[in-house]
Amino acid sequence: MKNNEDPGSEKKPGLSTAHSEDMTQALPFLPYGRHHIDDDDVATVVAVLRSEALTTGPAVPAFEAALATATRAQHAIACGNGTEALHLALLGLGLGPGDWVVVPAITFLATANAVRMVGADVVFADVDPDTGLITTETAAAAAARAPGPVRAVLPVHLAGQFGDLPALADLARAHGWAVVEDACHAIGTRYDLGTECTGVVGDGRWADATTFSFHPVKTIAMGEGGAVTTNNPDLAHHMARLRCHGMVREATNFQHPAQAFAEDGRAHPWYYEMTELGFNYRACDLQCALGLSQLAKLEHFAARRRDLMNQYTAALAPLAPHVRPLARTPGVLPAWHLHIVRIAFQDIGTTRDAVMAHLRAAGIGSQVHYIPVPWQPYYRHRSTPPPLPGAERYYAQALSLPLYPGMTDGDVERVAEALRDAVGR
Ligand SMILES: *Cc1c(COP(=O)(O)O)cnc(C)c1O
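Along each chain, residues carry numbers from 1 onward, in the same order as the chain's sequence is written. Two thresholds apply to this predicted model, a pLDDT of at least 70 for residue-level local features and 80 or more for giving and counting side-chain atom pairs, whereas whole-chain, interface and lining totals are computed over all residues. The side-chain numbers reported here are obtained from all heavy atoms of the structure, hydrogens and water having been left aside.

Draft legend 1. Here's a closer look at helix α15 (residues 409–422). Secondary structure follows DSSP: runs of H or I at least 4 residues long count as helices, runs of E at least 2 residues long count as strands, and numbering of each begins at the N terminus. For a helix, the expected span equals 1.5 Å multiplied by the residue count minus one. In this model α15 runs 20 Å from its N-terminal to its C-terminal C-alpha over 14 residues, within 8% of the 20 Å that 1.5 Å per residue would give. Between buried and exposed lies partly exposed: a residue is buried under 20% and exposed over 50% of the maximum accessible area for its type, with that area taken using a 1.4 Å probe on protein chains only. Three or more residues of α15 are buried, namely Asp411, Val412, Arg414, Val415, Ala416, Ala418, Leu419 and Ala422. Here the buried face of α15 lies against α11 (298–316), β12 (323–325), β14 (339–343), α12 (352–361) and β15 (398–401). In the stretch just after α15, Gly424 is the one whose phi turns positive, near 65°. Residues are treated as being in contact if the distance between any of their heavy atoms lies within 4.5 Å.

What follows is the structure in structure tokens.
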């Protein structure tokens, strides 16, 4: 191209889009979620690349210690992703074939799939249509439907919120169920339920184990990454063993002395035992170094997410009651992972497809979290979905709008304006 040529003249007329879209092409596309990586994160990972250990070096225990501190848990076990975290927790608790586990219908596939991965069966619970969260009532109703013994319940902290966990934990205790929190959305969420009852998700106040994901779309990015926190030392050791093939290296735990020990009574230096079937679910030093660097910014990320949500609330208030935020759960201060709104598409004479298309044309991504899992062909094939009126109502209205720390205040205004336009208000 010559210097004095108008760059616009290069455009092939046949490929040009509509005028209104042309204007927005200049604006960056806003996905519904995005990681936030800065120069510190990059330097931290590069330093690992130049170091001795690419996997299972110093960054793994350092990340686990920092995560345990951030979540106020006794133990944190890092692993390859949030699905592995769920699988390790359920395996570690000894769940298996013949057991039934209560899972909310509104969640990502992985929550239910982890139950199937240990050979146990899923009984789906309905959710509160205003929050998308499991309740004690829906958990009890699901358990009553289970064809076999229920052994655990997996509350999912959708968007970063949780419901009445103390009551759910009471119900679980009364029936001898384990509680595993799927907190893949909720790293950094705090609660203040009155005197002596303040804390942070992962502290294990109401759960045997809490699982996290550090996929880039989540609040902390490790590329792929996950972790389980627990206050139960036996469970922590068991999960650490399962994470590495079920291998044992501590001489005190060897079961086959004739094989393990030399004549002087010392364990052979090369010796290890495998006592149960485990996996390679390790997180490597590259991932954990990134996780450590990201975790240092958790409070900053959480504050920015809350701040953006406040701006959204003000900007979208005029669209009520056709567009409403999720209902808030009392005493919970979420580090919002998703900005899910409820839109009465039918009442305003539109469809979700049309609204998503309108937003996309304005350079704005949106997504639906989630399709009820019991409606998936795999689960339908296993059993006919029960009536789940709460999940159905929630699903009919849910739409996730962009939310991530790198968004500007202007971006929020841009999304709000496009949405006002899309819903014709
Ligand atoms: C992301 C997610 C998972 C799975 O995490 P991965 O790291 O992607 O394996 C599980 N449950 C919920 C609710 C999630 O959002």
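What follows continues from the structure just given.
Draft legend 2. Structural detail: the site of the ligand. Only a single heavy atom is needed: when it lies within 4 Å of a molecule or strand, its residue is near that molecule or strand. Taken together, 16 residues surround the ligand, and among them Gly82, Thr83, Asp182, Ser213 and Lys218 come closest. What qualifies as a polar contact is a pair of N or O atoms within 3.5 Å, subject to a donor-acceptor requirement within protein and to the restriction that residues adjacent in sequence count only when both atoms come from side chains. Between the ligand and the protein, one listed contact pairs an oxygen atom with a side-chain N or O atom of Lys218 at 2.9 Å. All accessible areas in this document rest on Shrake-Rupley with a 1.4 Å probe, and a residue is counted as covered only by the protein chains that are shown. Surface burial for the ligand is 93%, taken as the share of its 380 Å² of free accessible area covered by protein chains. Of all the secondary-structure elements, those providing two or more residues to the shell around the ligand are α4 (82–92) and α5 (109–117).

Draft legend 3. Just the sheet that holds β15, in detail. Between any two strands, pairing holds if DSSP finds at least two bridges. Taken together, 3 strands build an open sheet; the order of strands is β12-β14-β15 and the sheet is antiparallel. Each of the sheet's edge strands pairs with one partner strand only, and the pair in question is β12 and β15. The average angle at which neighbouring strand axes cross in this sheet is 40°, direction not considered. Strand direction decides the pairing type here: β14 and β15, joined by 4 bridges, are antiparallel. Considered in β15, the bridge of Val341 is made with Leu399. On top of the sheet, α11 reaches β12, β14 and β15; it is set at about 20° to β14, its chief contact. Helix axes are fitted only over the stretch in contact, all axes being lines through C-alpha atoms; the angle between N-to-C directions runs from 0 to 180 degrees.

Draft legend 4. View of the pairing of strand β2 (residues 100–104). Within β2, 5 of the 5 residues are buried, leaving the element largely enclosed by the surrounding structure. Side-chain alternation along β2 places Trp100, Val102 and Pro104 on one buried face and Val101 and Val103 on a second face that is also buried. In terms of strand pairing, β2 meets strand β3 (residues 121–125) through 5 bridges, oriented parallel. In the sheet register, Val101 faces β3, and the bridge partner there is Val122. Looking down the strands as they point away from the viewer, one classifies a crossover as right-handed if the path from the first strand across the helix to the second runs clockwise. After leaving β2, the chain enters α5 and then returns to the sheet as β3, a path that is right-handed. Examined bridge by bridge, β2 and strand β4 (residues 150–153) share 3 bridges and lie parallel to one another. Its bridge partner being in β4, Trp100 is matched across the sheet by Val150.

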